[in-house]
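# Topology and contacts: notes
Each chain, letter by letter, is given below.
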Amino acid sequence: MTSTSPRPRSGTRVDLAFGPYDASFASIGATLRTLRYEGRDLVVPFEADEVRPYYRGTVLAPWPNRVVDGRYTDADGRLQKLAITEPDRGHALHGLTPWLDFAIVDSTSTSVMFAATIPAQAGYPHQIAVTVEFWLDAAGLHSTTRARNDDTVAAPLGLSTHPYLVGGPGRVGEWSLELPAVQILDADERLTPTELGSVETSAFSAYDFRSARPIGDLEIDHAFTGLTDQGAEHVVKVLASDGTGVQLSWPHGDWVQIHTADLPDPAISRLGVAVEPMTCPPDVFNSDLAAALVQPDETRELSFTISAVNA
């Protein structure tokens, strides 16, 4: 009898390398599992045979963040009820792709492409084709996610990604954050969005990171907009005290979620800063469904790059 090794719990493994960068991916959720520069972690890693914790590195579609109470009214006026995947807060969290097993449709030593289909289902009666590309070069790790509406009617659709960036040795409180955003979306204790505020006001000045400064004990789990940096891309940096660290840049979308990964267990709390560029705000299915709609055969896209920052 021939014995075979079981497939890792995180799915089929793919490893890439280019110069000082190396990365590893898992097929479940088209997930970035590790990313290193000269052996230094740029994202919080997890083991290949581990069930992916806390959405680390996965693709988020057809919505990022939360659909409040898991309910929304679709374009035809019908109430749709999604599965509650954040039971402690009672919301539908981070879409339908994180636990899909993506097929590997192409790979080289420096690139990989994953593909999967979101099937039409209760609460989201639309078929969406998703491809996720990753590639390494001298500038770091690049990724582009494309989601195409393969349905016959318009479908609400938003995209994001969920890497936890590592600024250097230690934990979040020892690092600095540079975030070029002037507006913050406040939320209540269930993280239901409430009001849009400005970091230029006293009420939200603690969240003003337009110039890099230490995070300290501040807990952040907010969406930001009003991105003020100039140029072709938005850039968020997480830095150690010596000025080295990591940055995430992206050319599309005016929203980004920042989360300092505060957890009850101190052993695993504040290991990294989640930087999640989004094509839409949280709870967009309820707040602005028309803006989220894509027509049949239309594609929505999200691209980003993660790079080492050297002093």
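The structure contained in this document is the topic of the report that follows. Note that the structure is predicted; figures quoted are calculated from it, not measured.

So, about the overall build of the chain. A count of helical and extended segments in the chain gives two helices and 27 strands. Relative to the 2.2 N^0.38 estimate, which gives 19 Å for 311 residues, the radius of gyration of the chain is 19 Å and therefore close to what a compact globule would have. Each of the 311 residues in the chain was classed as buried or not, and the buried ones make up 54%. Residue pairs at least 24 apart in sequence account for 63% of intrachain contacts in the chain once pairs closer than 6 positions are excluded. For the chain, the distance from the average site of its 22 positive side-chain charges to the average site of its 41 negative ones is 4 Å.

In space, the four strands of this open sheet follow the order 1-2-3-4, with antiparallel pairing throughout. In this open sheet, the two strands that pair with only one neighbour each are strand 1 (13-18) and strand 4 (40-41). Where strand 3 (residues 31-37) and strand 4 come together, two bridges link them in antiparallel fashion. Pairing of R36 across the sheet is with D41, part of strand 4.

To continue, consider the pattern of salt bridges. A side chain of one charge can pair with a side chain of the opposite charge when the charged atoms of the two come close. Applying the stated criterion to the full structure yields 16 salt bridges. The residue R7 makes a salt bridge to D101 at a minimum N-O spacing of 2.7 Å. Of this pair, R7 sits in the segment before strand 1 while D101 sits in the loop between strand 9 (92-93) and strand 10 (103-107), and the two are 94 residues apart along the sequence. Accessibility expressed as a relative area gives 42% for R7, which makes it partly exposed. A salt bridge links R66 to E86; its shortest N-O distance comes to 2.8 Å. Here the residue R66 occupies a position in strand 6 (residues 66-67), and E86 occupies one in the loop between strand 8 (79-81) and strand 9, the gap between them amounting to 20 residues. For E86, a relative accessible area of 7% puts it in the buried group.

Below, the discussion takes up the packing of aromatic side chains. A complete count under the given rule lists six aromatic pairs for this structure. Between Y72 and F285, the aromatic rings sit 4.9 Å apart at their centres with planes inclined by 65°, giving edge-to-face as the arrangement. Of this pair, Y72 sits in strand 7 (residues 71-73) while F285 sits in helix 1 (residues 284-287), placing them 213 residues apart in sequence. For Y72, a relative accessible area of 1% gives the class buried. Taken together, the ring pairs in this structure connect W63, Y72, Y124 and F285 into an aromatic cluster. In this structure, R52 packs its charged tip against the face of W99, placed 4.1 Å from the ring centre. The residue whose ring lies beneath R213 is F209, and the NZ or CZ to ring-centre distance is 4.1 Å.

Take the pairing of strand 21 (residues 221-227) next. In summary, the side chains of a regular strand alternate between the two faces of the sheet. Of all seven residues making up strand 21, six are buried, and the element is well covered by its neighbours. Where strand 18 (residues 181-187) and strand 21 come together, four bridges link them in antiparallel fashion. Among the inter-strand pairings, Q183 is bridged to a residue of strand 21, identified as T225. Pairing geometry for strand 21 and strand 24 (residues 255-259), over four bridges, is antiparallel. Each bridged residue has a counterpart across the sheet, and for F224 the counterpart in strand 24 is V256.

So, about the pairing of strand 18. Of all seven residues in strand 18, five are buried; the element is thus mostly enclosed. In this sheet, strand 19 (residues 193-198) lies alongside strand 18 in antiparallel orientation, the contact comprising four bridges. For A187, the partnering residue across the bridge sits in strand 19 and is P193. Connecting strand 18 to the antiparallel partner strand 19 that follows it, the hairpin turn spans five residues, and L191 within it adopts a positive phi of roughly 65°.

Rules behind the numbers
Residues numbered from 1 in each chain as written. Predicted model: local features only at pLDDT ≥ 70, side-chain atom pairs only at ≥ 80, totals over all residues. Heavy atoms only, no water. Helix = DSSP H or I, 4+ residues; strand = E, 2+ residues; numbered from the N terminus. Rg over C-alpha atoms; globule rule 2.2 N^0.38 Å. Buried < 20%, exposed > 50% of the residue type's maximum accessible area, 1.4 Å probe, protein only. Contact = heavy atoms within 4.5 Å. Lys, Arg positive; Asp, Glu negative; His and termini not counted. Charge placed at Lys NZ, Arg CZ, Asp CG, Glu CD. Pairing = 2+ DSSP bridges. Salt bridge = Lys/Arg side-chain N within 4 Å of Asp/Glu carboxyl O. Phe/Tyr/Trp six-rings, centres within 6.5 Å; stacked < 30°, edge-to-face > 60°. Lys NZ or Arg CZ within 6 Å of the ring centre and 35° of its normal.

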